[in-house]
Protein chains: 2
Amino acid sequence: MTPRDAYAELLRRSRERAMLASCLELLSWDELTFLPPGGVAFRGRQMAHLAGMLHAAATDPVLGELLDCASRSDLTADPHSATAINLRQWRWSYDRRRRVPRSLVEELADVTTIAQQVWAEAWQRDRYEEFLPWLERLVALKRAEGSCLAQGGDPYDALLEDYEPGMTSAQLADLFGELQSELKSLLALAGDRRRKSDGGLQGSFPIDRQHALACRVAEQLGFDFHRGRVDTTTHPFFSPVGPGDCRITTRYSETDFREGFFALLHEIGHGLYEQGMDPEWYGTPLGEAPSLGLHESQSRLWENGVGRSPAFWQYFYPEVQRAFPEALRNVSREELVVSLHRVQPGVNRVRADRVTYDLHVLARFELEQALIRGELAPAELPDAWRNRYRELLGVVPRNDAEGCLQDGHWSAGQFGYFPTYTLGNIYAAQLLEAARRELPSLDAAFACGDFHPLREWLQRHVYSRGQKDTAVELIERVTGQPPHVAPLVRALQTSAG
Amino acid sequence: MTPRDAYAELLRRSRERAMLASCLELLSWDELTFLPPGGVAFRGRQMAHLAGMLHAAATDPVLGELLDCASRSDLTADPHSATAINLRQWRWSYDRRRRVPRSLVEELADVTTIAQQVWAEAWQRDRYEEFLPWLERLVALKRAEGSCLAQGGDPYDALLEDYEPGMTSAQLADLFGELQSELKSLLALAGDRRRKSDGGLQGSFPIDRQHALACRVAEQLGFDFHRGRVDTTTHPFFSPVGPGDCRITTRYSETDFREGFFALLHEIGHGLYEQGMDPEWYGTPLGEAPSLGLHESQSRLWENGVGRSPAFWQYFYPEVQRAFPEALRNVSREELVVSLHRVQPGVNRVRADRVTYDLHVLARFELEQALIRGELAPAELPDAWRNRYRELLGVVPRNDAEGCLQDGHWSAGQFGYFPTYTLGNIYAAQLLEAARRELPSLDAAFACGDFHPLREWLQRHVYSRGQKDTAVELIERVTGQPPHVAPLVRALQTSAG
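Residues numbered from 1 in each chain as written. Chains lettered and ligands numbered in written order. Predicted model: local features only at pLDDT ≥ 70, side-chain atom pairs only at ≥ 80, totals over all residues. Heavy atoms only, no water.

Q: Can you walk me through the overall build of chain A in this structure?
A: Tallying secondary structure elements over chain A gives 20 helices and three strands in all. For 497 residues, the compact-globule estimate of 2.2 N^0.38 gives 23 Å, and chain A sits close to it at 23 Å. With respect to the three principal axes, the spread of C-alpha positions in chain A is 75 × 50 × 45 Å. Out of the 497 residues belonging to chain A, those deemed buried represent 58%. Sequence separation of at least 24 residues holds for 74% of the intrachain contacts in chain A that already meet a minimum separation of 6. Averaging the coordinates of the 55 positive side-chain charges in chain A and doing the same for the 69 negative ones gives two points 2 Å apart. (Helix = DSSP H or I, 4+ residues; strand = E, 2+ residues; numbered from the N terminus. Rg over C-alpha atoms; globule rule 2.2 N^0.38 Å. Buried < 20%, exposed > 50% of the residue type's maximum accessible area, 1.4 Å probe, protein only. Contact = heavy atoms within 4.5 Å. Lys, Arg positive; Asp, Glu negative; His and termini not counted. Charge placed at Lys NZ, Arg CZ, Asp CG, Glu CD.)

Dropping the structure here:
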């Protein structure tokens, strides 16, 4: 077999795995949107079976032979060539997956499917004790997975690699430590000025009109409905089901349109990234994001950078007011924009303002490290959660539903996921600063409802690149600086001012 | 390996295939409900890949060896035992599938996925010429499949076996020939009496209220929403996604509630059958219907036998009137029931009355035989369609959208499917006559909204039996007679009187 034949076979297998992965994605999207409760148990076994098949395909020893054959050739001569990049990423992923036994992969897929349903019920009814045995089982399984992956190293760092390849918890601790002290200063500053109520923005916002508005806004920002859809769920999420099929969901509050609106902008940011990738490379590393943090930077950029800018509202506020004429009759555009930058520590991450948001993430980052490293027992989590919230945010949740049950990530086995939210904020601020530097009329375009220049810029620098660079490399190349918190702090200072 | 080990392995593999089949079912349900247009091409390839995997699993020569080993043992001593039945049906299916090459299976899955979308567009825009090349390709592929299966026999009969195992086109022609002359007499009779307009039932029926009513009715009839859901689509269908997950869809007309209501009753009938099967046997022949005709008998029984009975409306009409007080203010229950038995030949199968309905099916049965046997070229279909409608029903569609494009079955590769509609009507009438004979107070129960006695009876005689008998055996055992048209003709005579 020639190296070129080996590469072609690797490509074929990679695309075949993508077809199975897309089935899993749809099974999972469906579980979160339309699956009747009676179908949950079978869905768990079904997803476990598919995850097992996918794992077997991704760890087939033949891949190792093909990789050896293709890599020892001129296909890797130029490390920036498509072939070299795909081969490098396939190798990384193959070596990594080979370390985890199929039985563990299947057990995790099965347990997480059921645990997510158990969590959702426990959260709704504020019953941490019902979720506890599942969390214990999940932590044990994820520790086992982390140990397999780490090969003597730190299991949490090994899990983190699933979401942010190349990043360690020590690097994150440095970055986040600096951010924490900046945020605490900003919080103290805001505390002195906290006065304006935002009661004017509470009112009656019919869901159907919110959904119609959401679809209009999505279209204007460039989301392609021919290749995607927008639905309603308990927890907003995005799901790249397949090429030409990117789905996002949001949820609406009947008393405050901002909740659904910003959840939508967030998911749109993810959606634009997916829709901007080269379909030619679907099913290969060149058709995928290098990290979740970078993916998250795209949602944060649209949600916070664009969506909270005065220019954005110059264009959109008249339309929003027309959609809710009664509720917003007495609210000026300036009042709305001010409300979007209001700082008010609370117990809920999803509803948090921009300044306190990352403090919520830091708490989770610390707690999940302690869980995985065995320094914190799941039974002790509610207390630890309350303590950490008191210290970081000065607030204490009244119950577990408002506390450690508020997020579903751990029930889905996602340990190492939370830090990517804050990384996303850091990357997003760096990217938007760079874009504004290169395109001085960016905000003038927003004010006219023109988001094309920004999308074009992102298309060139981010969307089209797949895994050509790591997230850190991309940030450095595009912004001229390694990941650092100054641009985020500057953005928060400006908007707080 | 002992015969018992072989059986256990066959069982495990059967259930594993069911997991993949359930993925395919969901991919297909999603295609018909939520898939964005840009995702269609990939979905086609994806379903082709899965269908290919499923075919490979179902034709693995190891199955042949396992079947040989398990069958030559006391596991088949009692032909009515669960083991013997499963082994018999597995063997039948294995031998059958082995005759079709995987490449043909994959090509069919791919082509039908795209052809269904092409058909939907061609139908909406009345462009037969756009669908024609796809129909040509489909007919060629299905002829090829039929030839592989028939091994020298008739390719149409071989395809028919997919839907109605054990039935031949000659047997159907006998049964349908008798029915055709009876229907023509009934039609002539009705023609003399056709007077009453049904204008009173046209009005304004808000979709959301229709959907709320549909869900209420579904629940009352016994459809379990914990293990199923009801959605809206262009074409009503049911989809047994998995155990505990049976989905049905309907469509509503804003000017006539009966359309969505009866489409719902029809799909509910399918749904109750699926929900009534023993979940223990899911993924094995004992957890599946013996034929599509028998499955269809369940939808027809609820749609026509129950749903058009005066007793049914004695209970439901007040509720329907409350849901649409303006539109139905001046319509009495008697007028409604009379309207449900009105005979009026038309060009549309789905909207046809009970007397002419089977004439629509007979036309399709004849035409699809001619297509598969090469006696009719797809290019000649529109003319042949018009001619046959003129002869059978005395009406001619104004265009192809109203004519040969009205159904999507052929675009999905379903040749041999249509006759099961009429078989379903025949079986349903026989079953309901038998149930009324055994349970004289059945209609009195309907009038009180109690559908439990009928469901119990069906549970015992039909739902719980899986493939213990063939459809014909089941009909004979339960009704005491082989399939015959007299009960259907009697039912039509009574309601026409």
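Further notes follow.
Q: What is the right way to look at the environment of Phe 316 of chain B in this model?
A: All names here are of chain B. Residue position: Phe 316 is located in helix H12 (residues 310-323). Separated by 71 residues in sequence, Phe 316 and Asp 245 have C-alpha atoms that sit 27 Å apart. In this structure, Phe 316 is in contact with Arg 216, Val 217, Gln 220, Leu 221 and Phe 451, ignoring residues within four places of it in sequence.

Q: What's the story with the relation of the copies chain A and chain B in this structure? I'm lost.
A: In the superposition of chain A on chain B (RMSD 0.0 Å, axial shift 0.0 Å), the rotation amounts to 180°. A rotation of that kind, with that shift, is consistent with a two-fold axis. Taking C-alpha positions as reference, the residue of chain A nearest the rotation axis is Cys 23 of chain A, located at 3.5 Å. Most of the interface of chain A is mirrored in chain B: 100% of its interface residues are interface residues there too. (Least-squares fit on C-alpha atoms with pLDDT ≥ 70 in both.)

Q: Looking at this model, I keep getting lost on the pairing of strand E2 (residues 238-242) of chain B. Mind explaining?
A: Successive side chains on a regular strand alternate, one facing one side of the sheet and the next facing the other. Residue and element names in this part refer to chain B. Here E2 lies mainly inside the structure; four of its five residues are buried. Looking at chain direction, E2 and strand E3 (residues 245-250) are connected through four bridges and run antiparallel. Paired with Gly 242 across the two strands is Asp 245, which belongs to E3. Joining the antiparallel neighbours E2 and E3 is a turn of two residues, in which Gly 244 adopts a positive phi near 75°. (Pairing = 2+ DSSP bridges.)

Q: When you look at the pattern of salt bridges in this model, what are you seeing that I'm missing?
A: Any two side chains of opposite charge can pair, on the condition that their charged atoms come close. Per the stated rule, a full pass over the model turns up 80 salt bridges over all chains. A salt bridge links Arg 13 of chain B to Glu 9 of chain B, with the shortest nitrogen-to-oxygen separation between them at 2.8 Å. Of this pair, Arg 13 of chain B and Glu 9 of chain B both sit in helix H1 (residues 3-33), four residues apart, which is roughly one turn of the helix. The residue Asp 245 of chain B makes a salt bridge to Arg 247 of chain B at a minimum N-O spacing of 2.8 Å. Considered together, Asp 245 of chain B and Arg 247 of chain B belong to a single accessibility category, that of buried residues. Salt bridges linked by common partners bring Glu 9, Arg 12, Arg 13, Glu 16 and Asp 60 of chain A together as one network. (Salt bridge = Lys/Arg side-chain N within 4 Å of Asp/Glu carboxyl O.)

Q: What's the story with the interface of chain A and chain B in this structure? I'm lost.
A: Where the parts come together, the accessible area they lose is often given as the size of the interface. With 35 residues of chain A at the contact, the number on the chain B side is 35 residues. When chain A packs against chain B, close to 2700 Å² is buried across both sides, 70% of that on carbon and sulfur atoms. For chain A, the biggest contributors to the area lost against chain B are Met 19, Phe 34 and Phe 42 of chain A; these three give 22% of the whole. Counting across the chain A and chain B interface gives four salt bridges. Taken together, chain A and chain B are joined by 12 residue pairs in polar contact (both at pLDDT 80 or more). Within the residue set of the side of chain A that touches chain B, elements represented by two or more residues are helix H1 (3-33), helix H2 (40-59), strand E1 (228-232), strand E2 (238-242) and strand E3 (245-250) of chain A. For the side of chain A that touches chain B, the element with the highest residue contribution is H1 of chain A, accounting for 10 residues. In the side of chain A that touches chain B, the residues fall into 18 nonpolar, nine polar and eight charged. (Buried area = accessible area lost by both parts, 1.4 Å probe. Polar contact = N/O pair within 3.5 Å; in protein donor to acceptor, adjacent residues only side chain to side chain. Nonpolar A, V, L, I, M, F, W, Y, C, P; charged D, E, K, R; others polar.)

Q: Would you mind going over the packing of helix H10 (residues 257-276) of chain A against helix H11 (residues 292-306) of chain A with me for this structure?
A: Geometry of a packed helix pair, given as the angle between the helix axes and the separation of the axes. All names here are of chain A. The geometry of H10 relative to H11 is characterised by a closest axis approach of 7 Å and an angle of 135° between their N-to-C directions. What the angle tells us is that H10 and H11 run oblique. Like other packed secondary-structure pairs, H10 and H11 cross with a definite hand, here right-handed. Residue-level inspection shows Phe 262, Leu 265, His 266, Gly 269, His 270, Leu 272, Tyr 273 and Glu 274 of H10 in contact with H11, the latter providing Leu 294, His 295, Glu 296, Gln 298, Ser 299, Arg 300, Trp 302 and Glu 303. Its residues assigned to classes, the contact of H10 with H11 shows six nonpolar, six polar and four charged. (Axes fitted to C-alpha atoms, helices over the stretch in contact; angles between N-to-C directions. Parallel < 35°, antiparallel > 145°, perpendicular 65-115°, else oblique. Left-handed = near helix turned anticlockwise from the far one by under 90°.)

The values are spatial; any link to function lies outside them.
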